[in-house]
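# Observations on the three-dimensional arrangement
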Amino acid sequence: MAGGQERELRRRIRSVESTKKITRAFELIAASQIVRAQGRIAGARPYVAGLERVLATTAPEAGGTTRLVGAPEHVGRVLLLVVVADRGLCGGYNSMALRAADRLMRAGEAEGRTYRLVTVGRKAPSYFRFRGRAVHHGFSQMTDRPTFADARAVASEVVGPFVAGEVDMVQLVSWRFRSAGIQAIATRQVLPLSLADVPGASGAGHGAGTQGTSGQPGATGEGGGFYDFEPAPDDLLQLLVPTYAEAVVYQALLEASASEHTARQRAMSAATENAEQFITTLRRVMNRVRQDAVTTEIMEIVGGAEALRRSGPRSYVDIDADQPEERSA
Amino acid sequence: MATPFHVEIVTPERTVYSGEADEVSMRTDSGEIAFLAHHEDFIGAADVTVVRVTTPGGGDGTEHGGEVRIAVHGGFVHVDQDENSVRILAGVAELAGEIDVERARRALEAAEASEVPATPQAAATHDAETGPVVARPSGSLLAMLEPDAPEAAARRARVRLEAAGAAAPT
């Protein structure tokens, strides 16, 4: 019946409206989180920049060859760190990163590499488990607002096996946050540290101790002062590289978090818009249904009156008096 | 008297301290060290240590008559002669005023209670983990790789108490 249809539509509109309220709330929360996440990224920059200067100065002075720096001789066992979110409702944020990681591993396995997976974000273990991949360690509940302590926990799971020689290389797949408008998935090599990735240290390489003293690389500039190292550069590097890896992980978490909030804001804003459109459509349909119902009712009344008029002269007089009002309704 | 120079104590989460100083003293892996203005270029590994920054003029509203104390839990010192600056990069650093003395005391007691039996074992796993790669396992490396080791926890707590100006028990 017509009235039932209208009631049904009304209920659906209400339901879409409450969905819209929820997506709008998520959108606003995400928007405020983006600003804070960006602030944290900026806050980490002085530390990372400082470490990079120290690294750029120390690395060329370290004479001994070390596994920590440079290109790995043989890459068989890789530790892959994947950073995604705990929750969905953020568009393709999770699935794109996870698929990128999966592709990377498949390509590597074709070359005979083995992977050990360490993941951040609740969405990762379920994805990989479904594909029959074991997750060595899965962190969660840190991507909303990553702290340095979180990064340390992750880094120890990543740096430890590398330092102990259990893996030959550490790679990282995560979203990088360049600006509010630009985020992209990136694969980075965390360990061994590639000096080409450290600003100011590129090209110098290690094992060039004698050259290093004549011209200080990078930030020390034209002053050409001779650095005092304590402990010796080799030992210092053993401390610096893990510390830098920690900072890299921290930065990756921060950027992933900012990207996640951005993706969520975008997805939720689209959802809110969709809900609005849907409500408009539903309302239109509902109005038509209601109009139809009213029209039908009028038709019924008019039809009934006509029938009565024809049935007898007595009732004809009564009904005729009411008719003009009914027509205008 | 002394010309001031710039001091920065930077952690990944924030810049804990930034200002001018006459002198900065701290402990590195090889011992106590103090920096004055125009110290020559230096890079060192900072121990878990109290950094004392003597601010110029003294007594200009800062606590301890011109001395600012900061608990630094391992990191690196970078002295740049050209910039006339000392930059301390640390994972964690706290100003004296931010330290929860009670918590530090409790942490120290807890750490000392479990220190004696656990230390040799912690050292052993530590050696096994680092193996031949790290030839010289130092205090800061231990703090970095085994932050939960009671020995490391006790050191952190002692440094916190020292920075806060509270006496450690025993």
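Not measured: the values here are computed from a predicted model.

### As for the confidence of the model for chain B
Residues and elements named next belong to chain B. Of the residues in chain B, 70% have a pLDDT of 70 or more, and the chain-wide mean is 74. Element-level pLDDT for chain B is lowest in helix α3 (residues 139–145), with a mean of 52, against a maximum mean of 91 in strand β7 (residues 85–90). Low confidence marks residues 117–138, where pLDDT is under 50. Its contacts with residues over four positions away, or in another chain, come to 28 contacts.

### Remarks on the packing of aromatic side chains
Residues and elements named next belong to chain A. What the rule picks out here adds up to 6 aromatic pairs over all chains. Ring centres 6.3 Å apart and planes at 70° place the aromatic pair Tyr47 and Phe148 in the edge-to-face group. With a gap of 101 residues between them, Tyr47 in helix α1 (residues 2–58) and Phe148 in helix α4 (residues 148–163) connect regions that are remote in the sequence. One aromatic cluster in this structure is built from Tyr47, Phe148 and Tyr250. Sitting over the face of the ring of Tyr127, Arg131 holds its NZ or CZ atom 3.7 Å from the ring centroid.

### A short note on the pattern of salt bridges
In total, this model carries 28 salt bridges over all chains according to the counting rule given. Put simply, A:Glu276 and A:Lys20 hold a salt bridge, and the shortest N to O gap is 3.5 Å. Linking A:Glu276 in helix α6 (residues 233–311) with A:Lys20 in helix α1, this pair joins segments that are 256 residues apart in sequence. By relative accessible area, A:Glu276 is classed as partly exposed at 32%. In this structure A:Lys20 comes out as partly exposed when scored by relative accessible area, which is 23%. Through salt bridges with shared partners, a single network forms among A:Arg53, B:Glu8, B:Asp80, B:Glu83 and B:Arg87.

### Brief notes about the interface of chain A and chain B
One frequently used descriptor of interface size is the decrease in accessible area upon assembly of the parts. Chain A puts 34 residues into the contact, and the matching count from chain B is 36 residues. Taken over both partners, the interface formed by chain A and chain B buries close to 3100 Å², and the fraction arising from carbon and sulfur atoms is 61%. Looking only at chain A, the three residues that lose the most surface to chain B are A:Tyr47, A:Glu230 and A:Leu239, adding up to 22% of its buried area. Across the contact surface, chain A and chain B share 2 salt bridges. Salt-bridge contacts for A:Arg53 lead to B:Asp80; the nearest nitrogen and oxygen are separated by 2.5 Å. For the side of chain A that touches chain B, the secondary structure elements donating two or more residues are α1, α4, β6 (228–230) and α6 of chain A. Looking at the side of chain A that touches chain B element by element, the count peaks at 10 residues for α1(A). Its residues placed into classes, the side of chain A that touches chain B shows 17 nonpolar, 10 polar and 7 charged. Note: β6(A) against strand β5 (residues 42–54) of chain B, 3 bridges, orientation parallel.

### Notes on the packing of helix α2 (residues 93–110) of chain A against helix α3 (residues 123–130) of chain A
Residues and elements named next belong to chain A. Two numbers describe how α2 lies on α3: the axes approach to 11 Å, and their chain directions differ by 45°. The orientation of α2 relative to α3 falls into the category oblique. In this structure, the crossing between α2 and α3 has a hand that is right-handed. Of the residues in α3, those touching α2 at Asn94, Leu98, Arg99, Ala101, Asp102 and Met105 are Lys123, Ala124, Tyr127 and Phe128. The class makeup of the residues in the contact of α2 with α3 is 6 nonpolar, 1 polar and 3 charged.

### Some remarks on α2(A)
Residues and elements named next belong to chain A. In this model α2 runs 26 Å from its N-terminal to its C-terminal C-alpha over 18 residues, within 8% of the 26 Å that 1.5 Å per residue would give. Those residues of α2 not exposed but buried are Tyr93, Asn94, Ala97, Leu98, Ala100, Ala101, Asp102, Met105 and Gly108. The inward-facing, buried residues of α2 abut β1 (77–83), β2 (114–120), α3, β4 (169–177), β5 (183–191) and α6. Gly112, located one to two residues past α2, shows a positive phi value of around 90°.

Calculation notes
- Residues numbered from 1 in each chain as written.
- Chains lettered and ligands numbered in written order.
- Predicted model: local features only at pLDDT ≥ 70, side-chain atom pairs only at ≥ 80, totals over all residues.
- Heavy atoms only, no water.
- pLDDT = per-residue confidence, 0-100.
- Helix = DSSP H or I, 4+ residues; strand = E, 2+ residues; numbered from the N terminus.
- Contact = heavy atoms within 4.5 Å.
- Phe/Tyr/Trp six-rings, centres within 6.5 Å; stacked < 30°, edge-to-face > 60°.
- Lys NZ or Arg CZ within 6 Å of the ring centre and 35° of its normal.
- Salt bridge = Lys/Arg side-chain N within 4 Å of Asp/Glu carboxyl O.
- Buried < 20%, exposed > 50% of the residue type's maximum accessible area, 1.4 Å probe, protein only.
- Buried area = accessible area lost by both parts, 1.4 Å probe.
- Nonpolar A, V, L, I, M, F, W, Y, C, P; charged D, E, K, R; others polar.
- Pairing = 2+ DSSP bridges.
- Axes fitted to C-alpha atoms, helices over the stretch in contact; angles between N-to-C directions.
- Parallel < 35°, antiparallel > 145°, perpendicular 65-115°, else oblique.
- Left-handed = near helix turned anticlockwise from the far one by under 90°.
- Expected span 1.5 Å × (residues − 1).

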